[in-house]
Amino acid sequence: MQKKILVIGFAFLLTSFLPLKAQSAKQDSTYKKWFVGSTLLLLGNLDGTNNPGYIQINAGYRITPKDVIQFRFKKSKYAWPLGIPFGPDFDGPGLNYPGHARILAPQIGYQRFWWKGAYTSLYVLNAFEKYMDEDKKKIGNGFTLYTDFYLGYQFKFFKDRFFFEPAIGCSYWPLRTGVPASFTAVEQKWPNYFIQPGLDFGFKF
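Along each chain, numbering runs from 1 in the same order as the chain's sequence is written. With pLDDT at 70 or above as the cut-off, local features in this predicted model cover only qualifying residues; side-chain atom pairs require 80 or more to be listed or tallied, and sums for whole chains, interfaces and linings still use all residues. Working from all heavy atoms in the structure, the side-chain values ignore hydrogens and water.

Visitor: Which residues make up the pattern of salt bridges, and what values do they have?
Guide: We define a salt bridge as a contact between a side-chain nitrogen of Lys or Arg and a carboxyl oxygen of Asp or Glu at a distance within 4 Å. The tally for this structure, following the rule as stated, stands at five salt bridges. With a shortest N-O distance of 2.5 Å, Arg-72 and Asp-200 are connected by a salt bridge. Taken together, the residues Arg-72 in strand 4 (residues 67–78) and Asp-200 in strand 10 (residues 193–204) connect sequence positions 128 residues apart. Only protein chains enter the calculation, and the probe is 1.4 Å; a residue is then buried if its accessible area is under 20% of its type maximum, exposed if over 50%, and partly exposed in between. On the basis of relative accessible area, Arg-72 is assigned to the buried category, the value being 7%. In this text, helices come from DSSP runs of H or I with a minimum length of four residues, and strands from runs of E with a minimum of two, each type numbered from the N-terminal end.

As structure tokens, this is what we get:
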């Protein structure tokens, strides 16, 4: 599933180079200040084996042409340790949790444009988790504090109405509480960070 998402995302990135005009950070008052959007990672919901039921809603406000604050809401479920990198081990047999976790996560972030469409962003995510065993019975509640850092580029479409932001990011969780012992036993061999793509898109107004 993850490989399919990456292939689709990078294909979208390659085609975006053809008719696009890179974002310009002109110091005027005509730029569109608000935007809403989501992510191409929603395509993971097409997976029939381990469907994450993933939802992501983005909303942001452009304080200046180069400075943006953004709010996100995420909801999903996952059955694998968070630190497993993309590759043969990801979602591999025998490596998943003895059950799954459901997550509700509000997030706030800051995005800075440095040159044309090149940007960095930093997000803080508060994840409230509910843990379920293999019989889908609740076995506990937990909380994880994430920090996400991204390096990417924004491309504009249709007179700056729509945008696409391919990026590479690192998610790090310094605080994680309430994880059931059976889940912790599976997590111990993996780090508390994860390298991931960013494939956000949106509409400006």
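Visitor: An account of a positive patch on the surface is needed here, citing residue identities and associated values.
Guide: A contiguous patch of positive charge on the surface is contributed by Lys-75, Lys-77, Arg-102, Lys-130, Lys-136 and Lys-138. Along the chain, Lys-75 turns up in strand 4. Residue Lys-75 is classed as partly exposed on the basis of its relative accessible area of 41%. Every patch collects residues that have over 30% relative accessible area and no salt bridge, joining them within 9 Å if they carry like charges and within 5 Å if they are nonpolar side chains (Val, Leu, Ile, Met, Phe, Trp, Tyr). Surface accessibility in these figures is a Shrake-Rupley result with a 1.4 Å probe; residues are shielded only by whichever protein chains are displayed. Working convention for charge: Lys and Arg count positive, Asp and Glu count negative, and His plus the chain ends are omitted. Positions of charges follow a simple convention, taking NZ of Lys, CZ of Arg, CG of Asp or CD of Glu.

Visitor: Describe empty space enclosed by the protein, listing the residues and the values that go with them.
Guide: Method remark: on a 1 Å grid restricted to protein atoms, a set of points is classed as a cavity if a 1.4 Å probe fits but cannot get out and as a pocket if it is open with protein on both sides within 12 Å along at least five of seven lines; lining residues have an atom within 4 Å of a point. Grid points are joined across faces, edges and corners, and a volume is the space filled by probe spheres set on the points. Within the structure shown, the criterion is met by three cavities of 30 Å³ or more. The computed volume of the second largest cavity comes to approximately 60 Å³. Lining the second largest cavity are Lys-32, Lys-33, Phe-35, Arg-62, Val-68, Gln-111, Phe-113, Gln-154, Phe-163, Glu-165 and Lys-204. Elements represented by at least two residues in the lining of the second largest cavity include exactly strand 5 (99–115) and strand 9 (162–177). Its residues assigned to classes, the lining of the second largest cavity shows four nonpolar, two polar and five charged. Three classes are used, and their members are as follows: Ala, Val, Leu, Ile, Met, Phe, Trp, Tyr, Cys and Pro are nonpolar, Asp, Glu, Lys and Arg are charged, and the others, Gly among them, are polar.

Visitor: Outline the pairing of strand 6 (residues 118–133), supporting the account with residue identities and numerical values.
Guide: The criterion for strand pairing is that DSSP finds at least two bridges linking the strands in question. Where strand 5 lies against strand 6, 14 bridges are found, and the strand directions are antiparallel. For Gly-99, the partnering residue across the bridge sits in strand 6 and is Asp-133. Hairpin connection from strand 5 to strand 6: two residues lie between these consecutive antiparallel strands, with Lys-116 at a positive phi of about 50°. Hairpin connection, strand 6 to strand 7 (residues 138–153): the antiparallel pair is bridged by four residues, and Lys-136 has positive phi, about 65°.

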